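# Summary of structural features
Each chain, letter by letter, is given below.
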Amino acid sequence: MVLLLVLAESSIQLVPDGTLLIHIFLVVLMVFVLNKTLFKPINQVLEERDRSSRGSLAEAHRLLERIENDLRGYEGSLRAARAEGYRQMEVERNKALKERESRLTSVRTEVTSEIEGEKRGIATQSNDARLLLTEEAKKLGLSISAQVLGRPSAAGDRPTTL
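Nothing here was measured: the structure is a model prediction, and the numbers come from that model. Numbering of residues begins from 1 in every chain and follows the order in which that chain's sequence is written. Reporting of local features is limited, given that this is a predicted model, to residues whose pLDDT is at least 70; pairs of side-chain atoms are given and counted only at 80 or more, and all residues count toward the totals for whole chains, interfaces and linings. Side-chain numbers here rest on the full set of heavy atoms in the structure, without hydrogens or water.

So, on to the overall build of the chain. From N to C terminus, the chain includes 2 helices and 0 strands. Throughout, exposure labels follow a simple rule: accessible area from a 1.4 Å probe, protein chains only, divided by the maximum for the residue type, with under 20% read as buried, over 50% as exposed, and the rest as partly exposed. A burial count over the chain gives 1% of its 162 residues as buried. Using the Shrake-Rupley algorithm and a 1.4 Å probe, accessible areas are obtained, with residue cover drawn only from the displayed protein chains. Summed over all atoms, the accessible surface of the chain reaches about 14,800 Å², with 63% contributed by carbon and sulfur. Labels follow the DSSP assignment, with helices taken as runs of H or I lasting at least four residues and strands as runs of E lasting at least two, numbered in each case from the N terminus.

Have a look at this one:
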């Protein structure tokens, strides 16, 4: 066979001969051997990797979906907790405002009563001062008239005019 190959090398043939069958046989044999030794194990490894990655990818998608659902639930409960907190703050604020208003009312009432008491006290003091000033003015008037007239005047007398 090798001899045929050596002889075929020196001439150019346009008609196929037996060497073509040998080439086809060698190619088929190489495909069969490569398929058994190289392609089949590589394809098995690739398929296993693909199955594994698809399984991992599907698991990752399920995990991501579960996380998103949990996140939505967490955000919903957070919104509800905030709303409850704001509602409680509003209740406490209203309670504090009512208490403040009641304290202000009681202080206003107390201040008003103190002011009225002070006004009555001032009015009493004013009347007392007026009476005292009137009495003092009479005494001073009698004293001045006694000095001007040169004689003591009676308590009921009115000073005479000149």
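An α-helix turns once per 3.6 residues; consequently, residues spaced three or four apart project the same way. Between its first and last C-alpha, helix α2 (residues 18–149) extends 181 Å over 132 residues, near the 196 Å set by a 1.5 Å rise per residue. Bend is computed residue by residue as the angle between axes fitted to the seven residues ending at the residue and the seven residues starting at it. Residue Asn35 marks the point of greatest curvature in α2, where the axis turns by about 50 degrees. Immediately downstream of α2, the backbone of Gly150 shows phi near 80 degrees, a positive value. In a helix, the anticipated span is given by 1.5 Å times the number of residues less one.

Turning our eyes to something else, we now look at the pattern of salt bridges. Pairs can form between side chains of opposite charge whenever their charged atoms are close. What makes a salt bridge here is a side-chain nitrogen of Lys or Arg within 4 Å of a carboxyl oxygen of Asp or Glu, nothing more. In this structure the tally under the stated criterion is 9 salt bridges. Its salt-bridge partner being Arg87, residue Glu84 comes within 2.5 Å of it at the nearest N-O pair. Taken as a pair, Glu84 and Arg87 lie in helix α2 at a separation of 3 residues, close to a single helical turn. Here Glu92 makes a salt bridge to Lys95, at a shortest N to O gap of 3.5 Å. Of the two residues, Glu92 and Lys95 are both situated in helix α2; the distance of 3 residues between them amounts to about one turn of the helix.

Where nonpolar side chains cluster on the molecular surface, the patch consists of Met30, Leu34, Leu38, Phe39, Ile42 and Leu46 and spans about 530 Å² of accessible area. Residue Phe39 is classed as partly exposed on the basis of its relative accessible area, which comes to 42%. A residue counts toward a patch only above 30% relative accessible area and without a salt bridge, and it is joined to like-charged neighbours within 9 Å or, for Val, Leu, Ile, Met, Phe, Trp and Tyr, to nonpolar neighbours within 5 Å.

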